[in-house]
Amino acid sequence: MADHAGNFQSCRLIAARTWLIGGVVLGVSALGFYFAYPLRWKKKKGPVRVYMDGCFDMMHYGHCNALRQARALGDQLVVGVVSDAEITANKGPPVTPLQERMIMVNAVKWVDEVIPDAPYAITDEFMKKLFDEYNIDYIIHGDDPCILPDGTDAYALAKKAGRYKQIKRTEGVSSTDIVGRMLLCVRERSTGEGHNHSSLQRQFSHGHSQKSEDRGSGSGTRISHFLPTSRRIVQFSNGKGPGPDARIVYIDGAFDLFHAGHVEILRLARGLGDFLLVGIHTDQTVSAKRGAHRPIMNLHERSLSVLACRYVDEVIIGAPRDVSKDMITTFDISIVVHGSVAEDNDFQEEKDNPYSVPISMGIFKLLESPLDITTTTIIRRIVSNHEAYQI
């Protein structure tokens, strides 16, 4: 009996040792799994930080909507802006240099932090930096594929780590489509527009699908596929009006191909008061002043781009060219401003000066524009880049 009891105790000790050894082995295996896939480990405490990258070349409301959707997946949005060198190597020279693209992305109201010179493809090293230094929880991208020149998925590592989330791409707009519209403005300087359209496609961000972009040439590229909805306008709006004693600043214009020059003048304008109201001129008003092929972006597209800017509180969609006394009273405007760099700066010499009323009231101010950029500047860059490809 004693022998049986001893054997039983021995078996218990062996089992215990086996369990302990097994526990150590299991612990080592778990640690190995952790080091191999650290991103699958239990999430840290604190705000959820999400990361989205892109070229953001010729930034438009589709880019802004992507950033809005990304921000909705977390508490803080960190955006990586791809370097000029990386864009050139993977797509061709960007239309807007990094400095201007940084201004544009920083100005989007859903963006909390920006990383300059981000790589075009997420490497092991950069992904580790995102999670260790920037405390990123998830990497975000649209549902359109992002394929590298070697045929691999640019986000394969993020997906393998289990920290990838996807958003829906904004239909009806792409940088390629916008280029097609611009080329029509200068069609007398080039031939074979269909070829122009496709040859420029690789230059622009986010690698959009070609199914609606290379459908044809000629006047068809001028037609916008954008279908405005009240829901989208609400999504882009702040939803708050001015306070009872707010100093309301008003600035108006076409704001076509929304660019860094626009952002900087809006920033200065916002600094003059408590609430910035922006008037967006109708397509007819813009065409009358700048020609039949302008504006490049239609009224609602231009309105969304302006609404996405953090310095803007509200827009008037289809504002009149003339700033009337009734308009100033209705919106309780304290000051009307205009930038020194603009395509229509001959208004002071015109008999029908659109700012004659605020000038007579002593509430008009001409602001010195920080950047010498207009919509025509962007169009000229497009043509220059295209001609470089044609050589």
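Up top you'll find the structure we're talking about.
Note that the structure is predicted; figures quoted are calculated from it, not measured.

(A) Main features of the sheet that holds strand E5 (residues 164-167). Pairing is parallel across the open sheet formed by 5 strands, whose spatial order is E3-E2-E1-E4-E5. Here the strands that pair on one side only, and so sit at the sheet edges, are strand E3 (113-118) and E5. Across the sheet, the axes of successive neighbouring strands diverge by a mean angle of 30 degrees, strand direction being ignored. In terms of strand pairing, strand E1 (residues 49-54) meets strand E4 (residues 138-142) through 3 bridges, oriented parallel. Considered in E4, the bridge of Met52 is made with Ile140. The sheet strands contacting helix H2 (residues 61-72) are E1, strand E2 (76-82), E4 and E5, and the helix crosses E2 at an angle near 140 degrees.

(B) Region of the structure containing the pairing of E1. Burial analysis of E1 places 6 of its 6 residues in the buried class, which makes it a mostly covered element. Going residue by residue along E1, you find Arg49, Tyr51 and Asp53 tucked away on one face and Val50, Met52 and Gly54 tucked away on the opposite face as well. For E1 and E2, the ladder comprises 6 bridges, and the chain directions are parallel. Residue pairing for E2: Met52 is matched across the bridge by Val79. Once you follow E1 into H2 and on to E2, the crossover reads as right-handed.

(C) Looking closely at the side chain of Thr375. Along the chain, Thr375 falls in helix H15 (residues 375-390). With a relative accessible area of 3%, Thr375 lands in the buried category. Engagement of the side chain of Thr375 in a polar contact is seen with the backbone oxygen of Asp256, the distance being 2.8 Å. In this structure, Thr375 is in contact with Asp256, Leu257, His259, His262, Arg294 and Glu343, ignoring residues within four places of it in sequence.

(D) Structural view of the pattern of salt bridges. Applying the stated rule across the entire model yields 11 salt bridges. Glu113 is paired through a salt bridge with Arg49; the nearest N and O atoms lie 3.0 Å apart. Within this pair, whereas Glu113 is found in strand E3, its partner Arg49 is found in strand E1, the two being separated by 64 residues in sequence. Of the charged contacts in the structure, one is a salt bridge between Arg270 and Asp313, with a shortest N-O distance of 3.0 Å. With Arg270 in helix H10 (residues 260-270) and Asp313 in the loop between helix H12 (299-307) and strand E8 (314-319), this pair connects stretches of sequence that are 43 residues apart. Given the relative accessible area of 17%, Asp313 is considered buried.

Rules behind the numbers
- Residues numbered from 1 in each chain as written.
- Predicted model: local features only at pLDDT ≥ 70, side-chain atom pairs only at ≥ 80, totals over all residues.
- Heavy atoms only, no water.
- Pairing = 2+ DSSP bridges.
- Helix = DSSP H or I, 4+ residues; strand = E, 2+ residues; numbered from the N terminus.
- Axes fitted to C-alpha atoms, helices over the stretch in contact; angles between N-to-C directions.
- Contact = heavy atoms within 4.5 Å.
- Buried < 20%, exposed > 50% of the residue type's maximum accessible area, 1.4 Å probe, protein only.
- Right-handed = clockwise from strand over helix to strand, strands pointing away.
- Polar contact = N/O pair within 3.5 Å; in protein donor to acceptor, adjacent residues only side chain to side chain.
- Salt bridge = Lys/Arg side-chain N within 4 Å of Asp/Glu carboxyl O.

Scope: geometric values only; no functional claims are made or implied.
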